[in-house]
Amino acid sequence: MEIKVPDLGVDSAEVSEIMVKVGDVINVDDNIVLLESDKASVEVPATSAGTITAISLQIGDKVKEGDVILTIDSVDNSQSNTTPVEQSAQQTDQQADQSKEAKKIKETSATSSQAPSMAAPNQSQPTSAEATYTLPDLGVDTAEISEWLVKEGDTVTAEQPLVLVESDKASVEVPAPVSGKIVKFLVNAGDTVTNGQDFIVMASQSATQQSSLASDPSEQAASQATLAANQNQPPAQTVSAPQSSTPAGKQTFGLPDLGVESAQISEWMVKVGDEVTAEQPLVLVESDKASVEVPSPVAGKVVELLVNAGDTVTNGQDFVVIEAAGSVQSASSSTSQPQATTHTTQQAVVKTQNTASTSTNSATTTASQSTTTASQSNSQSKLSEAQINAKNAAVYAGPAVRKLTRQLGVDVSEVTGTGANGRIVKEDVFAYVKNTIKAVSTPAAANKASAPSAARSGLPNLPDMSKTEIWGEIERQDLTRLQKVSIPQLNYNTYLPQVTQFDLADITDVEKLRGDLKDEMKKEGVSLTILAFIMKVTAYALMQHPKFNSHLSDDNTQIIIRKSVNLGFAVATEEGLTVPVIQRVEQKGIKQLAIEIGELAKKARDKKLSAKELTGASFTISSQGNLGGTYFTPLVNWPQVAILGISESSIQPRWNETKGEFEPRLMLPLSLSYDHRVINGADAAVFTRYIAKLLADPRRVLL
């Protein structure tokens, strides 16, 4: 039987590691090969059990979906080749098991309080209460236990990483062989271990469930009937789906990380009874910073809405119950397809990671999904993430952590590891996300907590205006939520020694170029504005003058220079100004910038910007467009150290020395505000004039 490369979500991948060898006996879902692409690292599991007879790949080979990985003698064939002694032992075990099951059927309800008989600690017997498991082939003779990723008493799912094992060649996360409860660690951090050494004792999940069923008098008869019906069936057919805290097929889902501590349910976009597809928007959630459409995690039928419009919700809170599509088929085939349990357990891990939840119910509830739904979700998670840079290959992080970073849209190379030897663990990823998306909200929250009058930045209370003979009639109007949340952040500007540098840029030629390209791009649905050109030359200038693309350290002893340019740009909305962010501007062309400016501006006006689209800016541009005025003083948006203001352009006379006369030129006013602690006046003047020169002749960017 051949085991082939599954759908990887990419066109091709490279064989990074072969985790088995000819002659090994493998079980279903044992990892056999590690494949790496420019997007992800994928451990490919075995789809059948048996003995490996041939391996068709070598490390470094390029493979695609359908390529043969290895050939095995299936478990049925291998069983037929066992020795007479092994066959005799197997027959004796089977007779003993049948005798025990027959004895159980004859027991009365009075015996239901007795503990179930113990089976031999073997992975192929899911009814064993406790089993001892050994380390897989680590690829080296010895290795060291670096870190336990779980603790005794935890309930884990199959393939969930248990322990990190390190050698002088590599670090390997050893996954759980089954779903269940951890009873005991047989090795400790720092121990030296070898291949095949006993390392953990676990109580399998199915054993725990069968034990609880056997001890419940009201369910004793059903349990006995099941044993009788399965007495003559192969062991694989006795595997049952894990019990769920909700009815079969129905799953409760929690909200993802919204980027803020709490938010409000603005609008449900579906109703009970609706059929939804995976990633279809379900509900609109609004915070002080943005509106986020929460997508459906699976395809299926909406059974119950757990929150109402107007409710305040938090990250991870249960918000909807969905009956997954195909759950009926999954339930009916759970006794004939043991692989479904493993695949759906993997889906439960994905759901748990997305919600940062440690609840056992999350895993067991999701276990009722079908194999098809799980594979579709895994494929979507690969395709939905941006391409990971080649530098990520050198980052010290395991496959599970890398998978989590792809799901959260995190550049793993920017995460600082706190594990052994600087290894990145899941907690580091969650901490990075929290710190990133709260870069603006955290100062505001701290400001509120420090003093009730923080929003007034230390100003005294207003005088009593109740006397109409002095103050006249007054009217109170509430600020918008966007205005309210902006006040504490704006107050931080009072702590910055800010200076503003003014200059003029001749944009006559670049405006002519824009006019030549505008109609052509309009046919493609792209609105080409002068802002796209300003962004491009500003990003180029920032790469040449990195001090303006930095932050001042907390102890005021260092500047933290950003290696990429993430530009925020102010967008006027009905509720006030909002500042979406375009990532890595220095790597994008004018057309791409024009597209993203249009898309983000529309999202801002529709209040549909995500938390990720509002954070991470290293520099900001505030353009007043054609609103009038000459110069203004934009406020530096801490923790940035500079901001560029753009006013309305106008025709002005400029002296042409060659012609010896004045000529009309289109001039654009520039206003650069900067933090004087980081940037001195001379540098600011040079930087502003440099931007003006680039705008006058953008060909300089190509040099």
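Coordinates for the structure precede this section.
Notes on the structure follow. Keep in mind it's a predicted model, so treat the numbers as computed, not measured.

Cut-offs applied
Residues numbered from 1 in each chain as written. Predicted model: local features only at pLDDT ≥ 70, side-chain atom pairs only at ≥ 80, totals over all residues. Heavy atoms only, no water. Helix = DSSP H or I, 4+ residues; strand = E, 2+ residues; numbered from the N terminus. Buried < 20%, exposed > 50% of the residue type's maximum accessible area, 1.4 Å probe, protein only. Contact = heavy atoms within 4.5 Å. Areas by Shrake-Rupley, 256 points an atom, 1.4 Å probe, with all protein chains shown as cover. Pairing = 2+ DSSP bridges. Salt bridge = Lys/Arg side-chain N within 4 Å of Asp/Glu carboxyl O. Phe/Tyr/Trp six-rings, centres within 6.5 Å; stacked < 30°, edge-to-face > 60°. Expected span 1.5 Å × (residues − 1). Bend = angle between axes of the 7 residues up to and from the residue. Axes fitted to C-alpha atoms, helices over the stretch in contact; angles between N-to-C directions. Parallel < 35°, antiparallel > 145°, perpendicular 65-115°, else oblique. Left-handed = near helix turned anticlockwise from the far one by under 90°. Nonpolar A, V, L, I, M, F, W, Y, C, P; charged D, E, K, R; others polar.

1. Some remarks on the overall build of the protein
Okay, so step 1: What the protein contains, in helices and strands, is 17 helices and 35 strands.
Okay, so step 2: In the protein, which comprises 703 residues, the proportion classed as buried is 40%.
Okay, so step 3: Expressed as a percentage of contacts within the protein between residues at least 6 apart in sequence, the contacts between residues at least 24 apart total 62%.
Okay, so step 4: Roughly 36300 Å² of accessible area belongs to the protein as shown, and the carbon and sulfur atoms make up 51% of that amount.

2. Quick look at the sheet that holds strand 24 (residues 318–324)
Okay, so step 1: Here 4 strands make up an open sheet; going across it, the order is 17-24-22-19 and the pairing antiparallel. Among the strands making up the open sheet, the edge pair consists of strand 17 (250–254) and strand 19 (275–276).
Okay, so step 2: As defined by bridge partners, strand 22 (residues 300–305) adjoins strand 24 across 5 bridges and the pair is classed as antiparallel. Within strand 24, the position partnered with G300 by the bridge is A324.

3. Quick look at the pattern of salt bridges
Okay, so step 1: For the coordinates displayed, the defined rule picks out 21 salt bridges.
Okay, so step 2: Where E596 meets K588, a salt bridge forms, and the shortest distance between an N and an O atom there is 2.9 Å. The residues E596 and K588 share a single accessibility class, namely buried.
Okay, so step 3: Note that E663 is salt-bridged to K659, the shortest N-O span being 3.7 Å.
Okay, so step 4: Residue classification places K659 among the exposed positions, given a relative accessible area of 54%.
Okay, so step 5: Taken together, the salt bridges that share partners define one network made up of D411, E414 and R584.

4. Observations regarding the sheet that holds strand 8 (residues 68–74)
Okay, so step 1: Sheet architecture is open: 4 strands sit in the order 1-8-6-3, paired in antiparallel fashion. The open sheet has two edge strands, strand 1 (2–4) and strand 3 (25–26), and neither has a second partner.

5. Some remarks on the packing of aromatic side chains
Okay, so step 1: Going through the model one piece at a time under the given rule, you end up with 7 aromatic pairs.
Okay, so step 2: Here W268 and F319 contribute two aromatic rings whose centre-to-centre distance is 6.1 Å and whose plane-to-plane angle is 15°, an arrangement assigned as stacked. Here W268, found in strand 18 (residues 262–268), pairs with F319, found in strand 24; they are 51 residues apart in sequence, far enough to count as distant.
Okay, so step 3: Relative accessible area serves as the criterion here: at 2%, F319 is assigned to the buried category.
Okay, so step 4: Ring geometry for W655 against F662: centres 5.0 Å apart, planes inclined by 70°, an arrangement best described as edge-to-face.
Okay, so step 5: Residue classification places F662 among the exposed positions, given a relative accessible area of 57%.
Okay, so step 6: Three or more aromatic residues joined by ring pairs make a cluster, and in this case those are W148, F185 and F199.

6. Remarks on the side chain of T405
Okay, so step 1: By the secondary structure assignment, T405 is in helix 9 (residues 399–408).
Okay, so step 2: The residues contacting T405, other than those within four sequence positions of it, are V410, V412 and V429.

7. Concerning unusual backbone geometry
Okay, so step 1: With omega at 10°, the peptide bond leading from W638 into P639 counts as cis.
Okay, so step 2: Tracing the chain through its elements places P639 in the loop between strand 32 (619–623) and strand 33 (642–646).
Okay, so step 3: For E159, which is not a glycine, the phi torsion comes out positive at approximately 75°.
Okay, so step 4: Residue placement: E159 occurs in the loop between strand 11 (155–156) and strand 12 (161–166).
Okay, so step 5: Phi angles above zero are rare outside glycine, and K607 is one such case at about 55°.
Okay, so step 6: Position of K607 among the secondary structure elements: in the loop between helix 16 (590–605) and strand 32.

8. Considerations on helix 14 (residues 508–523)
Okay, so step 1: Helix length check: helix 14 (16 residues) gives 24 Å between terminal C-alpha atoms against 22 Å at 1.5 Å per residue, within 8%.
Okay, so step 2: At L517, helix 14 shows its maximal bend, which comes to roughly 35°.
Okay, so step 3: Among all positions of helix 14, only V510, R514 and M521 are buried.
Okay, so step 4: Note on helix 14: the residue one or two positions beyond its end, G525, has a positive phi of about 80°.

9. A look at the pairing of strand 17
Okay, so step 1: Among the 5 residues of strand 17, 4 are classified as buried, and the element is accordingly described as predominantly covered.
Okay, so step 2: Relative to strand 24, strand 17 is paired through 5 bridges, and the arrangement is antiparallel. Bridging across to strand 24, F253 finds its partner in V320.

10. Some words on the packing of helix 15 (residues 530–544) against helix 17 (residues 681–696)
Okay, so step 1: As a packed pair, helix 15 and helix 17 sit with axes 9 Å apart at the nearest point and diverge in direction by 135°. In this view, helix 15 runs oblique relative to helix 17, as classed from their interaxial angle. In this structure, helix 15 meets helix 17 at a crossing whose hand is right-handed. Of the residues in helix 17, those in contact with F533, I534, V537, T538, Y540, A541, L542 and Q544 of helix 15 are F687, Y690, I691, L694 and L695.
Okay, so step 2: Broken down by class, the residue content of the contact of helix 15 with helix 17 amounts to 11 nonpolar, 2 polar and no charged.

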